[in-house]
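Overview (structure and organization)
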Amino acid sequence: MGVTLMNKELARYINTLLAERERELNKEDLSYKECLKQKNLNPKAEFNSEKFFAWGQELSWEKAMIYRGQKAMDYFEEEG
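Below you will find a few notes about this structure. (Residues numbered from 1 in each chain as written. Predicted model: local features only at pLDDT ≥ 70, side-chain atom pairs only at ≥ 80, totals over all residues. Heavy atoms only, no water.)

What follows is about helix 2 (residues 49–79). Compared with an ideal rise of 1.5 Å per residue, which puts 31 residues at 45 Å, helix 2 spans 45 Å between its outermost C-alpha atoms and is within 8% of the ideal. Residues of helix 2 that are buried include every one of Phe52, Gly56, Leu59, Ile66, Gly69, Gln70 and Met73, and no others. A distance of 3.2 Å separates the backbone nitrogen of Glu50 from a side-chain oxygen at the start of helix 2, and that oxygen is part of Asn48. (Helix = DSSP H or I, 4+ residues; strand = E, 2+ residues; numbered from the N terminus. Expected span 1.5 Å × (residues − 1). Buried < 20%, exposed > 50% of the residue type's maximum accessible area, 1.4 Å probe, protein only. Polar contact = N/O pair within 3.5 Å; in protein donor to acceptor, adjacent residues only side chain to side chain.)

This is the structure we're talking about:
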């Protein structure tokens, strides 16, 4: 098996892992949005805004990293 074929297969595998993580993040994002909705419906409820803000930032950062990783793997698949 040539190096090029191995690189393509590795890129496909990594893309699969990234896609799975993206699905998990999408579920977590739904939870995040549901918490925000609940907070808006009940403004007097106990709410840790710092934790919530950090959660949103982490989701956003990881989504961006997954996107960049997928683009890099697409490049390796095409160039390989």
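On we go.
With that settled, the discussion passes to the pattern of salt bridges. Overall, the coordinates contain six salt bridges when judged by the stated rule. Among the salt bridges present, the one from Arg23 reaches Glu20, with a minimum N-O distance of 2.9 Å. Of the two residues, Arg23 and Glu20 both sit in helix 1 (residues 3–41), three residues apart, roughly one turn of that helix. Take Glu20: its relative accessible area is 37%, and that puts it in the partly exposed class. The residue Asp29 makes a salt bridge to Lys63 at a minimum N-O spacing of 3.0 Å. One end of the pair, Asp29, is in helix 1; the other, Lys63, is in helix 2, with 34 residues separating them in the sequence. For Asp29, a relative accessible area of 12% puts it in the buried group. Salt bridges sharing common partners tie together Arg21, Glu24 and Glu62. (Salt bridge = Lys/Arg side-chain N within 4 Å of Asp/Glu carboxyl O.)

A surface patch of nonpolar side chains, about 320 Å² in accessible area, is lined by Leu10, Tyr13 and Leu17. Mapped onto the elements of the fold, Tyr13 is located in helix 1. (Patch = residues over 30% accessible without salt bridge, like charges linked within 9 Å, V, L, I, M, F, W, Y side chains within 5 Å. Areas by Shrake-Rupley, 256 points an atom, 1.4 Å probe, with all protein chains shown as cover.)

Enumeration according to the criterion identifies five aromatic pairs in this entry. Seen from their ring centres, Phe47 and Phe52 are 5.0 Å apart, and the 55 degrees between their planes marks the pair as tilted. Note on Phe47: relative accessible area 31%, which makes it partly exposed. For Phe52, a relative accessible area of 10% translates into the label buried. Counting every residue linked through ring pairs, the aromatic cluster contains Tyr32, Phe47, Phe52 and Trp55. (Phe/Tyr/Trp six-rings, centres within 6.5 Å; stacked < 30°, edge-to-face > 60°.)

Our focus in this paragraph is the side chain of Asp29. Polar contacts involving the side chain of Asp29 include one to the side chain of Lys63, which spans 3.0 Å. If we ignore the near neighbours within four places in the chain, the residues touching Asp29 are Leu59 and Lys63. (Contact = heavy atoms within 4.5 Å.)

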